[in-house]
Amino acid sequence: MGKINRNQLNQIRFKGKDIIDIRLGKVPIKADGEKHLMICGGTACHASKSEPVRDALKREVETRGLSNRCKVIETGNDAFAILAPAMVVYPEGVYYVHLIPDDVHDIVSQHLIDGKPVERLFYRDISNGKSIPRMMDIPYFSNQRMVTLRNLTLIDPEIIDDAIARDAYQGAAKALIDMAAEEIINQMKISGLRGRGGAGFPTGMKWEFASKSKGDVKYILCNADEGDPGAFMDRSVLEADPHAVLDGMIIAAKAIKAHQGYIYCRAEYPLAIKRLGIAIGQARQYGLLGTNILGSGFDFDLEIYQGAGAFVCGEETALMTSIEGKRGMPRPRPPFPAQEGLWKKPTVLNNVETLANVAQIILNGGEWYASVGTESSKGTKVFALSGKVNNSGLVEVPMGTPLKDIVYNIGGGIPKAKRFKGVQLGGPSGGCIPSELLDTVTDYEAITSTGAIMGSGGMVVMDEDNCMVDIARFFMEFCQEESCGKCTPGREGTKRMLEILTRITKGRGELSDIDTLEELALMVKDSALCGLGQTAPNPVLSTIRYFRHEYEDHILEHRCEAGVCPDLFKAKCINACPLGQEVPGYISLVEEERFEEAIRLIRQTNPMPGTLGRVCSHPCMDVCIRAQTDAPINIPEIKRYAADMARERGVVAEFKKAKKNSEEIAVIGGGPSGLGASYYLSLMGYNVTMFEELPKLGGMLRYGIPAYRLPRDILDEEINDIINTGIAVRTGVRVGRDISMEKLQKDFDAIFIGIGAHRSQIMGIPGEDIDGVYGGAEFLRQVGLGNTPNIGKTVAVIGGGNTAIDVARTCRRMGADVTILYRREQKDMPATAEEIEDGIDEGIELKTFMMPGSINKDNGRLNIILHKCEPGEFDRDGRRTPVPITDALVREEYDTIFAAIGQVSDTSFISNLDLKRGWIEIDRLTLKTNLDNIYAGGDAVTGPALVVDALAAGKRAAIAIDRDLSAKKGRKPYEDQYDKIFITMKVPGDTIKQDMAKAPKISAKERIKDFSEVEHGFDIKTVKGECARCLRCDVKID
Amino acid sequence: MSELKSVPKKKITPEMWGEIDKIINRYKDKPGSLIPVLEECQNVSGYLPMEVQERVSRGLNIPGSTIYGVVSFYSFFTMIPKGRHIIKVCLGTACYVRGGKANLDYVKDEFEVEVGSTTTDLRFSLDSVRCLGACGMAPAMVVDKDTYAQVSRANIMEILESYK
């Protein structure tokens, strides 16, 4: 068919209706009916090897004689990128994911011939394991609003008739034949469409300026130079639905009276260029491009102009300069492109996504588009969600959607239970949005107020393993390399900022660098010639604003908490350990059976190895690189082995004390933070006195953690080792009652408060004070004191943390039937996963989605009314808020009920101490409270945390106290005098996949009989095998 | 600008010169066509040494300095011959966040080639690219026209083995 007129266009659309109806599911589903197999075929899909699947499918369909009724059609990508190769079968709408060529046989036999969809190929929701057969039922898709992406999976991008059947060129026809230029511009203004390339300039206004410019020669340009790392929206549109862009350009041309257009497409998109080329060729054949389009009398044609690998050419004036055959350098404005653009003629440049929406606006009216979105940001926006997120791919949502919904509802949250840190919006021109601001909605101005920009739509999620200083450096390096060099702020400013950032990541930063960076950033923003320079400082400003502490840590403590900047840490495990334990070192020593040296090395940074080897929640294992191959190294068990071996061989804990200092230090609290502070202050030569209100030292280690986890003889030994360094201990003494705070302030040169958090949090429900309802922490304290409170036969524990589990397992050993009541689901429980499982093995019942309503006593029987809940909206931590189901109440009777939903600190012994939300407030760097010479650390500051955190906090406090007291006396602060222990620096040989070794446990039935230790350590063969798995990340190859 | 002494030069055959002249002729009267001309010439000769630039300069009547300016500005143009296979490791945000740099360093070490250069046997050229737009499949790598997803030490050598 040659050139067509409007009638013929409509005929083609009508003829295609049957095909499209099958794909819209508008025909009855018959086992032997016509099937369309839309297999994804964008660049990313090809990268996931979709082409062999496509070819196998075509072959099999042909061989089985099904070619007449089963059509295999390759589309663009279908948004949910990580499921590729994926395919939709219409009219059923069944979605098959992660396909390999071997799956083709089943698809053809079972589904196409027998009419039974292949269940094993359905999408499976990772959060609950349920499989979802239909694409539009998958939350990832059902939570989206496809306007730009309306043709997803519905058309073959290389067949123009498919696009026409979906209304392609109807908008152009209406604009060219039914409307005047002013009307078109008016509808665009009503729609409120703003440039989707990032700047957000109102499209209607831009067209109006250009239409008013004088001259016969004008240009329409499409910016398909999508250069932002992390953005793939435009590429997806071009590969899936190129005619939408052509349609939009024709309409724009009519509006401003242009007759020539260019699509500037980056060369890194060969598939997009290919499909655009095919689309343009087919459009020309129909006369939809060229002279007298559709008989309207209007001429318009366009060409593809291929980029040559320069990010700056995505900038408006640089792009035009590039088309003119020159170096892509921007020009000063005014004059603006609407007056003088390409070849100095009036030019309109629009982004791909912007143009892809134009035809629908013209067809449905501007008000239709403006009915969605916020006051200032109308319509929908396509985002490219990627990074540390479970579901990555394209996401189209109405403007005004909270970012939290995109990250959690659609994105499915952060993989591997890591903690969300920030989401980068707008690529190298944008900024990071931290979790506090996740309620921000997608609206140009709302996002700009956070310091980020909407940008073109790239949305990269980051977690706790990403370093924000390194991210800032990464973007600045990008901008520096891509800077065209024309203006000094762009050329020199980015270079200097990059130098400073690089120095900081290498541990050579100074505190003044942060201010210098900000100063430079504002200067560059203000004076750079083009958008690249003006926005390059944004990531730096944004990360300083929300993650200043990371910069400070890199500069002042040479510490990269995320374990990314290679000059600032030796191995990720050492870096993640709050005590900085030399993990690969002692693993190597244990493997070589040099046990005494191993325990010496461990003790250099950890005075309680037997304790921590048993109870530590091992942040080291969470970052162990070995996990990428098979499983992390069982580090705590190796440490425990070394400690137990040392005890067996009678190795005495040695220590080296510095010269005696005259100062007296008081440590309030005998738990891990107090023990840590006392130990190190004692080694530094200070005179330390510990004050502990309970009969013995240990804090949570003795009066919280039960003996079956931490045997008392081991705890006693390690506490004695600490005290034997020369610490005075006063137990049974409560500061504030037995001795006043004022006296301590008078008698001691410095005071460390490590009082922990021992009071159970109040639940705030009626009946909480009825006899029979107790706090979990208080109960554990009683047990620790050697008492056996009467708990009856049936016990309920409300809560999901380690305290709740400890209470439950203790009660089980006291002979009761125990039920844990938790308001969310098991995976949301903060307690260590293994503890929960051990508890369940011991016969404890876990009832999830149960929220306490009220507690009552009827006829002397204690009972609790519970609300059954269901998971609601995601909160900013990515956990779903429990929502009580109406009229779903449950009444349960128990002899005793424990509240273990959290703990608070008791700071009543001291007045005038500044608190923040109930916790002691300290300066992050000096560890000082607001009161002179008083420092604090541990749970009383952070809220309940890990034992190792408290121990490390005590150590840091000791260092801080020593620094301040030494400064007063003009002496040098204490420096570690560790003996160097020779460690074999050898990289292991071949890596063979194997499981992590696990320590044997007493059977559940046996172990609930008493409080003896549940876990036995490794034997020599197992521990050496486990040590051999260590990849020795501390060995650097030169 | 480039260490030409460490990389062997590739000969430009008479057939190639013929193609190059045809390209120049096709675009001779079109303003602003320098970049498409250079792109197509590079497809023919594999790189743009001074000789080719001079030819284009004479053919299109554009000063040699302007042409050199354009060649040195755009990262797609190279004055070093490319290897038989081009490896492009993506270092865009999502790939970077998932370990793209480790992949790059690994290839550099194994094949003794710097970024932006070619192995001495002209088998591989190595480049880092900013973003392949396959962010959902990070970390990504392209070899010639083939895009690979979720690349890591575990599979990278296997992938490269097949490119002789």
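Source: prediction; values computed, not measured. Residue positions are given per chain, counted from 1 along the sequence in the order it is written. Working convention: letters from A go to chains and numbers from 1 go to ligands, in the order in which they are written. Under the rules for a predicted model, residues below a pLDDT of 70 receive no local features and side-chain atom pairs below 80 are neither given nor counted, while totals for whole chains, interfaces and linings still include all residues. As a rule here, side-chain values come from all non-hydrogen atoms in the structure, and water together with hydrogens is ignored.

Enquirer: It is not clear to me how the environment of Pro632 of chain A should be interpreted in this structure. Could you clarify?
Expert: Residues and elements named next belong to chain A. Strands here are runs of E lasting at least two residues and helices are runs of H or I lasting at least four, both read from the DSSP assignment and numbered beginning at the N terminus. For Pro632, the position within the fold is in the loop between helix H27 (619-622) and helix H28 (635-648). C-alpha separation for the pair Pro632 and Cys1030, spaced 398 residues apart in sequence, amounts to 8.7 Å. Each residue touching Pro632, except ones within four places of it in the same chain, is listed here: Met621, Cys624, Ala627, Met996, Glu1026 and Arg1029. The contact rule is simple, with two residues in contact once any of their heavy atoms fall within 4.5 Å.

Enquirer: What is the right way to look at the confidence of the model for chain B in this model?
Expert: Detailed conclusions should not be drawn from predicted coordinates in areas where pLDDT is low. All names here are of chain B. Within chain B, residue pLDDT values average 86, and 87% of them lie at 70 or more. In the predicted structure, residues 1-5 sits below a pLDDT of 50 and forms five contacts with residues beyond four places in sequence or in another chain. We note a pTM of 0.89 for the whole complex and an ipTM of 0.80 for its interfaces. On a scale of 0 to 100, pLDDT captures the predictor's confidence in every residue.

Enquirer: Where do I start with the nonpolar core in this structure?
Expert: Generally speaking, nonpolar side chains in soluble globular proteins are found buried as a group. Counting 113 residues, the largest nonpolar core has Tyr95, Tyr169, Trp207 and Phe300 of chain A as the members making the most contacts within it. With 10 residues, helix H11 (residues 242-256) of chain A is the largest single contributor of residues to this core. One finds Phe311 of chain A together with Tyr27, Val56 and Phe77 of chain B within the second-largest nonpolar core, a separate group that totals 46 residues. Remark: nonpolar core denotes a set of buried residues (Ala, Val, Leu, Ile, Met, Phe, Trp, Tyr, Cys) joined through side-chain atoms within 4.5 Å. Under the scheme applied here, a residue whose accessible area is under 20% of the maximum for its type counts as buried, over 50% as exposed, and between as partly exposed, the area being computed with a 1.4 Å probe on protein chains only.

Enquirer: How should I be thinking about the interface of chain B and chain A in this particular structure?
Expert: The parts lose accessible area when they come together, and the size of an interface is often stated as this lost area. Taken together, the contact between chain B and chain A spans 33 residues of the former and 54 residues of the latter. When two parts are brought into contact, each loses some accessible area as probed by a 1.4 Å sphere; the total of that loss over both is the buried area. When the two sides are added together, the surface that chain B and chain A hide from each other amounts to roughly 3,300 Å², 60% of it contributed by carbon and sulfur. By salt bridge we mean one thing: a side-chain nitrogen of Lys or Arg within 4 Å of a carboxyl oxygen of Asp or Glu. Remark: the boundary between chain B and chain A carries one salt bridge. A salt bridge links Lys30 of chain B to Glu303 of chain A, with the nearest nitrogen and oxygen atoms 3.2 Å apart. Here a polar contact means two N or O atoms within 3.5 Å. Within protein one must be a hydrogen donor candidate and the other an acceptor candidate, and residues neighboring in sequence count only if both atoms are side-chain atoms. The interface formed by chain B and chain A contains nine residue pairs in polar contact (both at pLDDT 80 or more). At the level of secondary structure, the elements contributing two or more residues to the side of chain B that touches chain A comprise helix H2 (34-45), helix H4 (64-73), helix H5 (93-97) and strand E4 (146-148) of chain B.

Enquirer: For this particular structure, what's the right way to read unusual backbone geometry?
Expert: A negative phi holds for most residues other than glycine; trans holds for most peptide bonds. The linkage connecting Ala84 of chain A with the following residue, Pro85 of chain A, adopts the cis geometry, with an omega of -5°. Residue position: Pro85 of chain A is located in the loop between strand E2 (70-74) and strand E3 (87-90). The backbone phi angle of Asp887 of chain A is positive, close to 60°, even though this residue is not glycine. Its location among the elements puts Asp887 of chain A in strand E27 (residues 880-893). For Asp887 of chain A, a relative accessible area of 79% translates into the label exposed. Its identity as a non-glycine residue notwithstanding, Asn61 of chain B has a phi of 60°, on the positive side. Summarising the element assignment, Asn61 of chain B is placed in the loop between helix H3 (50-60) and H4.

Enquirer: Would you take a moment to explain the pattern of salt bridges for this structure?
Expert: When the charged atoms of two side chains lie near each other, side chains of opposite charge can form a pair. Residue and element names in this part refer to chain A. Enumeration according to the criterion identifies 94 salt bridges over all chains in this entry. Its salt-bridge partner being Asp515, residue Arg548 comes within 3.9 Å of it at the nearest N-O pair. Within this pair, whereas Arg548 is found in helix H22 (residues 538-556), its partner Asp515 is found in helix H20 (residues 512-527), the two being separated by 33 residues in sequence. Among the charged side chains, a network of salt bridges with common partners joins Arg709, Asp806, Arg809, Arg813, Glu834, Glu835, Asp838, Glu842, Lys1001 and Arg1007.

Enquirer: Explain the sheet that holds E3 of chain A to me, please; I cannot follow it from the model alone.
Expert: Backbone-to-backbone hydrogen bonds pair the strands of a sheet. The strands run either parallel or antiparallel. Residues and elements named next belong to chain A. We treat two strands as partners when DSSP finds at least two bridges between them. Within the open sheet, the four strands sit side by side as E2-E1-E3-E4. Their pairing is mixed. At either margin of the open sheet sits one strand with a lone partner, and together these are E2 and strand E4 (94-96). Ignoring strand direction, the axes of neighbouring strands in this sheet form an average angle of 20°. One ladder, built from four bridges, connects strand E1 (residues 35-39) with E3; its direction is antiparallel. Residue Met38 lies in a different strand from E3, and its bridge partner there is Val88. Structural elements are reduced to axes, namely lines fitted to C-alpha atoms, with helices fitted over the stretch in contact, and the angle between N-to-C directions of any two is expressed from 0 to 180 degrees. Each of E1, E2 and E3 touches helix H3 (residues 50-63); the most contacted strand, E2, lies at about 160° to it.

Enquirer: Would you mind showing me how to read the packing of H2 of chain B against H3 of chain B here?
Expert: Residues and elements named next belong to chain B. Their axes nearest at 11 Å, the elements H2 and H3 cross at an angle of 140°. In terms of their interaxial angle, H2 and H3 are classed as oblique. Between H2 and H3 lies a crossing of right-handed hand. Residue-level inspection shows Leu34, Val37, Leu38, Cys41 and Ser45 of H2 in contact with H3, the latter providing Val52, Val56 and Leu60. Here the contact of H2 with H3 is composed, by residue class, of seven nonpolar, one polar and no charged. Roughly parallel means an angle under 35 degrees; roughly antiparallel means over 145; roughly perpendicular covers 65 to 115; every other angle is labelled oblique. Handedness of a helix crossing follows the sense of rotation of the near helix relative to the far helix, less than a right angle counterclockwise being left-handed and clockwise being right-handed. Each residue gets one of three labels, nonpolar for Ala, Val, Leu, Ile, Met, Phe, Trp, Tyr, Cys and Pro, charged for Asp, Glu, Lys and Arg, and polar for the others, Gly among them.

Enquirer: Just to check I follow, could you spell out helix H31 (residues 712-723) of chain A for this structure?
Expert: Compared with an ideal rise of 1.5 Å per residue, which puts 12 residues at 16 Å, H31 of chain A spans 16 Å between its outermost C-alpha atoms and is within 8% of the ideal. When we look at burial in H31 of chain A, the residues that qualify are Ile714, Leu715, Glu718, Ile719, Ile722 and Ile723 of chain A. An expected span of 1.5 Å times one less than the residue number is assigned to each helix.

Enquirer: Which parts of the structure should I look at to understand the pairing of strand E9 (residues 301-306) of chain A?
Expert: Two faces, one strand: in a regular strand the side chains alternate between the faces of the sheet. Residues and elements named next belong to chain A. In this structure, strand E8 (residues 260-265) lies alongside E9, joined through six bridges in parallel fashion. In the strand pairing of E9, Ile263 is matched with Ile304. Seen with its strands pointing away from the viewer, a crossover is right-handed when the path leading from the first strand over the helix to the second is clockwise. Considered for its hand, the β-α-β crossover made up of E8, helix H12 (residues 270-285) and E9 is right-handed.

Enquirer: Which parts of the structure should I look at to understand H4 of chain B?
Expert: Counting along an α-helix, one turn takes 3.6 residues, and residues three or four places apart therefore face a common direction. For H4 of chain B, every residue scored as buried is listed here: Ile67, Gly69, Val70, Val71 and Phe73 of chain B. Buried residues along H4 of chain B sit in contact with H2 and H3 of chain B.

Enquirer: Explain the state of the cysteines here, please?
Expert: Any covalent bond linking the sulfur atoms of two cysteines counts as a disulfide. Residue and element names in this part refer to chain A. Disulfides are defined in this document as cysteine sulfur pairs within 2.5 Å. Applying the stated criterion across every chain, the model contains zero disulfides over all chains. Unpaired in this structure, Cys313 has its nearest cysteine sulfur neighbour in Cys484, at a distance of 9.1 Å. Looking at Cys313, the relative accessible area reads 0%, which means it is buried.

Enquirer: Please clarify how the sheet that holds E4 of chain B should be interpreted in this entry.
Expert: Residues and elements named next belong to chain B. Reading across the sheet, the four strands line up as E2-E1-E3-E4 and stay open at both edges, with mixed pairing between neighbours. Each edge of the open sheet is held by one strand with a lone partner, namely strand E2 (124-129) and E4. Across the sheet, the mean angle separating the axes of adjacent strands is 20° when strand polarity is ignored. Note: strand E1 (residues 85-90) against E2, six bridges, orientation parallel. Counterpart to Ile87 in the pairing with E2 is Leu126. This element, helix H6 (residues 100-111), spans E1 and E2 of the sheet and lies at about 160° to E2. Sheet strands touched by helix H7 (residues 153-161): E1, E2, strand E3 (141-143) and E4. Its angle to E3, the strand with the most contacts, is close to 15°.

Enquirer: What am I meant to see in the pairing of E27 of chain A here?
Expert: All names here are of chain A. Note that strand E26 (residues 861-874) and E27 share nine bridges and pair antiparallel. In the sheet register, Leu866 faces E27, and the bridge partner there is Val890. The turn joining E26 and E27, which pair antiparallel and follow one another in sequence, is formed by five residues; a positive phi near 80° is taken by Gly878.

Enquirer: Looking at this model, I keep getting lost on the side chain of Asp513 of chain A. Mind explaining?
Expert: Residues and elements named next belong to chain A. Here Asp513 shows up in helix H20. Given the relative accessible area of 5%, Asp513 is considered buried. Setting aside residues up to four positions removed in sequence, Asp513 forms contacts with Ile500, Arg503 and Ile504.

Enquirer: Which parts of the structure should I look at to understand the packing of aromatic side chains?
Expert: Aromatic rings in a pair are described by how distant their centres are and how their planes are angled relative to each other. Residue and element names in this part refer to chain A. Aromatic pairs are defined between Phe, Tyr and Trp rings, using the six-membered ring for Trp, whenever the two ring centres lie within 6.5 Å; interplanar angles under 30 degrees are classed as stacked, those over 60 as edge-to-face, and all others as tilted. Using the criterion set out here, one finds 21 aromatic pairs over all chains in the structure. Measuring from ring centre to ring centre gives 3.9 Å for Phe80 and Tyr140, while their planes differ by 25°; the resulting arrangement is stacked. Taken as a pair, Phe80 in the loop between E2 and E3 and Tyr140 in helix H5 (residues 139-142) lie far apart in primary sequence, 60 residues in all. Residue Phe80 is classed as buried on the basis of its relative accessible area of 1%. Here the aromatic residues Phe80, Tyr95, Tyr123, Tyr140 and Phe141 are joined through ring pairs into a cluster of three or more. By the criterion adopted, a ring carries a charge over it if an Arg CZ or a Lys NZ lies within 6 Å of its centre and within 35 degrees of its normal. The residue whose ring lies beneath Lys381 is Phe383, and the NZ or CZ to ring-centre distance is 5.7 Å. Over the ring of Tyr708 we find Arg813, and its NZ or CZ is 3.8 Å from the ring centre.

Enquirer: Could you clarify how one ought to interpret the side chain of Asp553 of chain A in this entry?
Expert: All names here are of chain A. For Asp553, the location among the structural elements is in helix H22. Residue Asp553 is classed as buried on the basis of its relative accessible area of 9%. Apart from residues no more than four positions distant in its own chain, Asp553 is found in contact with His558, Arg559, Glu561 and Arg924.

Enquirer: Got a minute to help me understand the environment of Lys378 of chain A in this structure?
Expert: All names here are of chain A. Relative to the helices and strands, Lys378 resides in the loop between helix H15 (366-370) and strand E11 (380-387). Sequence spacing of Lys378 and Phe80 is 298 residues, and the spatial spacing of their C-alpha atoms is 25 Å. Other than its neighbours up to four places away in sequence, Lys378 contacts Ser191, Gly192, Arg196, Tyr369, Ala370, Val372, Gly373 and Met399. At 3.0 Å, the side chain of Lys378 forms a polar contact with the backbone oxygen of Thr374.

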